[in-house]
Amino acid sequence: MLKVTKAVFPVAGLGTRFLPATKASPKEMLPIVDKPLIQYAVEEAIAAGITEMIFVTGRSKRAIEDHFDKSYEIEAELEARNKQKLLDLVRSIKPANVDCFYVRQAEALGLGHAVMCAEKLVGGQPFAVILADDLLYSPKPVMRQLVDTFNHYHSSIVGVESIARENSASYGIVDGREWEEDVFKLSGIVEKPAPEVAPSNLGVVGRYVLMPTIFNHLRALKPGAGGELQLTDALQSLLTEEQVLAYRYMGTRFDCGSKIGYLKATVEFALRHPEVKDEFEAYLQNHLPLALAAAA
Ligand code: G1P
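Note that the coordinates shown come from a computational prediction; the quantities given were computed from them, not determined experimentally.

Examining the overall build of the chain
Within the chain, the secondary structure is distributed over 11 helices and 13 strands. Over its C-alpha trace the chain gives a radius of gyration of 20 Å, about what one expects of a compact globule, namely 19 Å for 296 residues. A principal-axis box enclosing the C-alpha atoms of the chain has dimensions of 60 × 50 × 35 Å. For the chain, the residues scored as buried account for 46% of the 296 residues in total. Considering only contacts within the chain whose residues lie at least 6 apart along the sequence, 74% involve residues at least 24 apart. Counting 32 positive and 38 negative side-chain charges, the chain places the centres of these two groups 3 Å from one another.

Below, the structure is given as structure tokens:
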């Protein structure tokens with residue numbers, strides 16, 4: 001049986017939309033309340049039964065490797081101060097059964113190129129791809145939903161959501177027919193089309209489960225939208241040879257690659273965070289009207 005045990009995290013992007021915060025540290029290390037985006041992504045993979053995390057990194061991304069590595073100084077310090085809870089928290093970032101691997105993407109040539117950089121580490125197995133910028137909240141973690149769907153159909157699957165048509169130029173857009181509730185059989189996929197030519201209002205979110213045959217199509221890629229080697233174009237080529245599905249996930253997406261999405265995620269995750277939620281909710285209720293008035 002084909003089992004998804006590996007996830008690829010393309011994390012080589014420059015994060016220019018968050019400058020100056022991302023000048024010297026990776027955008028994937030930006031925290032939502034107290035946890036970096038990349039840790040949410042890894043936890044989602046773990047919840048889907050994935051145990052091998054493959055990070056496609058670039059320059060200035062050392063912090064990601066350090067985050068998932070043992071920190072002797074912090075652990076010794078917390079032990080000496082008898083801070084058991086914090087010690088457990090720090091140690092739980094990378095559970096013992098999870099392994100992390102790193103490969104460098106020397107040039108930022110696009111998402112398709114980033115995934116291709118992971119080929120040797122992925123080997124000939126189906127694998128997940130998670131874009132940490134897309135923070136997805138759902139009681140049943142979204143990658144778990146995708147892997148369950150994969151286990152049923154055994155073909156490549158892209159996560160999608162219904163989007164406003166005028167925003168189609170921000171997404172890969174799929175064309176296909178609904179096969180079963182929320183599962184679509186693809187007949188086409190196009191990267192960032194203008195609204196007038198978008199084949200549907202189903203936009204790709206940063207979650208994929210891919211058959212290893214995708215690598216044949218990634219290797220043959222030519223520059224596409226934005227002059228980049230696009231994963232979307234490799235999927236378009238793959239679906240001419242084998243079945244590719246789209247799955248409309250259950251949950252809420254926060255586009256943390258944009259400032260506004262990042263702010264919304266911060267507010268909503270803070271309202272769910274056991275340590276701060278009561279005080280934060282009271283703050284919003286009592287002070288928000290004043291803050292809004294002051295900013296007006
Ligand atoms: C990438 C993909 C796009 C997808 C999007 C989801 O684009 O190329 O197909 O819809 O992620 O976040 P990016 O947002 O990196 O430009």
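From this point, the narrative continues.
Regarding the side chain of aspartate 133
Looking at where aspartate 133 falls in the secondary structure, it is placed in the loop between strand E6 (127-130) and strand E7 (134-137). Take aspartate 133: its relative accessible area is 18%, and that puts it in the buried class. A polar contact of 3.0 Å, which involves the side chain of aspartate 133, links it to the side chain of lysine 27. If we ignore the near neighbours within four places in the chain, the residues touching aspartate 133 are Lys27, Phe254, Asp255, Cys256 and Gly257.

Concerning the site of the ligand
Asp134, Gly172, Glu191, Lys192 and Val204 are the nearest of the 13 residues found near the ligand. Within the contact set of the ligand, an oxygen atom lies 2.9 Å away from a backbone nitrogen or oxygen of glycine 172. Note that an oxygen atom of the ligand is positioned 2.6 Å from one of the side-chain N or O atoms of lysine 192. About the coverage of the ligand: the protein hides 74% of its 380 Å² of free accessible area. Spatially, the ligand is embedded in the largest pocket. Ranked by residues supplied to the shell around the ligand, first place goes to strand E11 (residues 202-210) with three residues. Split by residue class, the shell around the ligand holds five nonpolar, four polar and four charged.

Notes on the nonpolar core
Core analysis: the largest hydrophobic core is formed by 36 residues, its most contacted members being Phe9, Ile38, Ile50, Met53, Phe55, Phe68 and Met143. Of all elements in the fold, only strand E1 (6-10), helix H1 (37-47), strand E4 (52-57), E6, helix H7 (142-153), E11 and strand E12 (244-248) reach the threshold of two or more residues within this core. In this structure, phenylalanine 55 is in contact with Phe9, Val11, Ile38, Val42, Ile64, Phe68, Cys100, Phe101, Tyr102 and Val103, ignoring residues within four places of it in sequence.

Remarks on the UniProt feature "domain: Nucleotidyl transferase" (unreviewed entry) in the chain
Cross-referencing UniProt, the feature "domain: Nucleotidyl transferase" (unreviewed entry) maps to residues 11-266 in the present numbering. In residues 11-266, helix accounts for 31% and strand for 26%; the two terminal C-alpha atoms are 21 Å from one another.

Considerations on the layout of surface pockets
Space inside the largest pocket adds up to approximately 1200 Å³. In this structure, the largest pocket is lined by 38 residues; those nearest its centre are Arg17, Lys27, Leu131, Asp133 and Lys192. Listing elements by their share of the lining of the largest pocket, those giving two or more residues are helix H5 (111-117), E11, helix H9 (231-238) and strand E13 (252-255). Top element by residues in the lining of the largest pocket is E11. It accounts for four residues.

So, unusual backbone geometry
Put simply, leucine 19 and proline 20 share a cis peptide bond, and its omega is 10°. You can see proline 20 is positioned in the loop between E1 and strand E2 (31-32). Even without glycine at this site, asparagine 82 takes up a positive phi of about 60°. On the secondary structure map, asparagine 82 appears in the loop between helix H3 (72-80) and helix H4 (84-91). Here asparagine 82 falls in the exposed class, since its relative accessible area comes to 67%.

A few points about the environment of arginine 207
Tracing the backbone through its elements, the reader meets arginine 207 in strand E11. On the accessibility criterion, arginine 207 (1% relative accessible area) is buried. Taking the C-alpha atoms as reference points, arginine 207 and alanine 132, 75 residues apart in sequence, are found 9.2 Å from one another. When residues no more than four places from it in sequence are discounted, the contact partners of arginine 207 are Glu44, Val129, Ile130, Leu131, Asp134, Leu136, Val142, Met143, Leu146, Ile157, Val158 and Gly159. A polar contact of 3.2 Å, which involves the side chain of arginine 207, links it to the backbone oxygen of leucine 131.

Each value, and the rule that gives it
Residues numbered from 1 in each chain as written. Predicted model: local features only at pLDDT ≥ 70, side-chain atom pairs only at ≥ 80, totals over all residues. Heavy atoms only, no water. Helix = DSSP H or I, 4+ residues; strand = E, 2+ residues; numbered from the N terminus. Rg over C-alpha atoms; globule rule 2.2 N^0.38 Å. Buried < 20%, exposed > 50% of the residue type's maximum accessible area, 1.4 Å probe, protein only. Contact = heavy atoms within 4.5 Å. Lys, Arg positive; Asp, Glu negative; His and termini not counted. Charge placed at Lys NZ, Arg CZ, Asp CG, Glu CD. Polar contact = N/O pair within 3.5 Å; in protein donor to acceptor, adjacent residues only side chain to side chain. Near = heavy atom within 4 Å. Areas by Shrake-Rupley, 256 points an atom, 1.4 Å probe, with all protein chains shown as cover. 1 Å grid on protein atoms, 1.4 Å probe; cavity = no way out; pocket = protein on both sides within 12 Å on 5 of 7 lines; lining within 4 Å. Sits in = over half its atoms within 2 Å of the grid points. Nonpolar A, V, L, I, M, F, W, Y, C, P; charged D, E, K, R; others polar. Core = buried A, V, L, I, M, F, W, Y, C linked by side-chain atoms within 4.5 Å. UniProt positions renumbered as here; feature names shortened; annotations may be inferred. Points joined across faces, edges and corners; volume = space filled by probe spheres on them.

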